[in-house]
Amino acid sequence: MEFGTRNSKPETRNDKMNLFDVYPLFDITPVKAEGCYVWDDQGNRYLDLYGGHAVISVGHSHPVYVEKISSQLQQIGFYSNSVKIPQQQELADKLGELAGLNDYQLFLCNSGAEANENALKLASFATGRKKVISFKKGFHGRTSAVVSVTDNPKIIAPVNETPNAVILPFNDLNEVERHLKSEDVAAVIIEGIQGIGGIIVPDPAFLEGLESLCKKYGSLLVLDEIQSGYGRSGKFFAFQYSRVKPDVITTAKGMGNGFPIGGVLISPELKPWHGMLGTTFGGNYLACAAAIAVVDIMKEEKLIENAEKMGNFLIGKLSENKQIKEVRGKGLMIGIEFEEEVKPIRQKLLSEERIFTGVSGTNVIRLLPPLTLTMEQAFYFIEKFEKVLKSVLVHSN
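Everything numeric in this text was worked out from a predicted model, so none of it was measured. (Residues numbered from 1 in each chain as written. Predicted model: local features only at pLDDT ≥ 70, side-chain atom pairs only at ≥ 80, totals over all residues. Heavy atoms only, no water.)

So, about the side chain of aspartate 224. Along the chain, aspartate 224 turns up in strand β10 (residues 220-224). For the buried aspartate 224, no salt bridge is present, and the opposite-charge side chain at shortest range is lysine 253, 8.9 Å distant. At a separation of 2.8 Å, a polar atom in the side chain of aspartate 224 contacts the side chain of histidine 140. Ignoring anything within four residues of it in the chain, the contact list for aspartate 224 reads Asn116, Phe139, His140, Ile189, Ile190, Glu191, Gly192 and Thr250. (Helix = DSSP H or I, 4+ residues; strand = E, 2+ residues; numbered from the N terminus. Buried < 20%, exposed > 50% of the residue type's maximum accessible area, 1.4 Å probe, protein only. Lys, Arg positive; Asp, Glu negative; His and termini not counted. Salt bridge = Lys/Arg side-chain N within 4 Å of Asp/Glu carboxyl O. Polar contact = N/O pair within 3.5 Å; in protein donor to acceptor, adjacent residues only side chain to side chain. Contact = heavy atoms within 4.5 Å.)

The next subject is the environment of glutamate 183. Position of glutamate 183 among the secondary structure elements: in the loop between α6 (173-180) and β9 (185-191). A relative accessible area of 46% places glutamate 183 in the partly exposed class. Glutamate 183 sits 34 residues away from tyrosine 217 along the chain, and the two C-alpha atoms are 5.9 Å apart.

Of the volumes computed, that of the second largest pocket is approximately 830 Å³. Lining the second largest pocket are 31 residues, and of these Gln88, Gln105, Leu106, Phe107 and Leu108 sit closest to its centre. Taken together, the elements giving at least two residues each to the lining of the second largest pocket come down to α3 (86-99), β6 (105-109) and β12 (262-266). No other element matches the 7 residues that α3 contributes to the lining of the second largest pocket. (1 Å grid on protein atoms, 1.4 Å probe; cavity = no way out; pocket = protein on both sides within 12 Å on 5 of 7 lines; lining within 4 Å. Points joined across faces, edges and corners; volume = space filled by probe spheres on them.)

Okay, the packing of aromatic side chains next. Following the criterion strictly, the structure yields 13 aromatic pairs and no others. A centroid spacing of 5.5 Å and a plane angle of 75 degrees characterise the contact between phenylalanine 135 and phenylalanine 206, whose relative ring orientation is edge-to-face. With phenylalanine 135 in strand β7 (residues 131-135) and phenylalanine 206 in helix α7 (residues 204-217), this residue pair connects regions lying 71 residues apart in the sequence. Residue phenylalanine 135 is classed as buried on the basis of its relative accessible area of 1%. Owing to a relative accessible area of 3%, phenylalanine 206 belongs among the buried residues under this scheme. (Phe/Tyr/Trp six-rings, centres within 6.5 Å; stacked < 30°, edge-to-face > 60°.)

Glancing now at empty space enclosed by the protein. Summed over the entire model, instances satisfying the criterion amount to 1 cavity of 30 Å³ or more. In this model, the largest cavity occupies a volume close to 30 Å³. Lining of the largest cavity is provided by Ala54, Ser57, Ile226, Gln227, Gly229, Tyr230, Arg232, Lys253 and Gly254. Looking at the lining of the largest cavity, its residues break down into 3 nonpolar, 4 polar and 2 charged. (Nonpolar A, V, L, I, M, F, W, Y, C, P; charged D, E, K, R; others polar.)

To continue, consider the pattern of salt bridges. Per the counting criterion, the structure on display carries 14 salt bridges. Across the pair lysine 131 and aspartate 184 runs a salt bridge, and its minimum N-O distance is 3.4 Å. Residue lysine 131 is found in strand β7, and its partner aspartate 184 is found in the loop between α6 and β9; the two are separated by 53 residues along the sequence. On the basis of relative accessibility, which here comes to 26%, the residue aspartate 184 falls in the partly exposed class. In this structure, a network of salt bridges that share partners links the residues Lys325, Glu326, Arg328 and Glu337.

This part is about the sheet that holds strand β4 (residues 37-40). Spatial strand order, β3-β4-β5-β15: 4 strands in an open sheet with mixed pairing. Where the open sheet ends on each side, the last strands, each with one partner, are β3 (30-34) and β15 (355-356). As judged from the 2 bridges shared by strand β5 (residues 45-48) and β15, these two strands associate in the parallel manner. Paired with leucine 47 across the two strands is isoleucine 355, which belongs to β15. (Pairing = 2+ DSSP bridges.)

Any functional reading would require information that these geometric values do not contain.
Written out as structure tokens, the structure is:
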């Protein structure tokens, strides 16, 4: 098999339990990681500009992060949400301060899909309604309610199909209002920046219009910041490029730097009652330790400011390249669109230049590096990217 290609048929072993084959895998086995670099079992070093789907926020194996989790594990690793876990409030205090949302409430869970599920359930409880509006090219998760409002029929099973999911065109306030007028919509959910959809940044006026319409018709505005949040956009949350104050905000990926954790930030106007939401593992000691380390590092190392600075540099340099159709994004959430399919570009970046990148569809390369990316690493990527483009696009023409 060619280095760096995807293995579509893993080895089947009749005498052992096999993994359920749902992931197309690159023929790479990482064994070590540090900062923005990953090493495989052959000793090759890669520049990681994908961060495992935007998960690595403060860099791989950050010493403060490793120490925080390790020391917590030596004390107590887990107990359920039937006892006081002070680390949950410490996380809420630090998250609220860094995000500028001290007046919100925090519900802790385990993943982005779970955060969005709880957000929609909360909205339905609060309004007594069933319908949810989402948008074309949006992605909100693969589980029950949220996959029904995700614009990808392929991953929606019959059990997920529901007339309560309404997927509308992006940036069309008139269409949104037409549906909200029925006053049966619990929530409007939208990504701070569409990730899988191709790094599509909503116009601030669109977000502000959604907020106004939701207030007018009694629906809740849910900002899905699973991928775009936690400093990646150059703001703590991408919606903060606008003036909106969402009813509910969801977060996950960069929140734990690889440790599974998700969160729902809830407006003070929404009141909880015992049993309203719940989770066995959410907010456990280790998850909180990981998330506290992340916010501490982000604050100490000014990583939100670094994401803005590095993003401005990369977007500026990439926009100068005439071979690229369009560059979109904010901070270190960047989409690079081509007229051509990007598979050979990504392949060469990985196999020849040892650089991890992501994709959206067939024509967009996604950059989602750790927020610790340095100027030297950004320059290195631009140099290698231009080299690969000259090689691939010249040969394709």
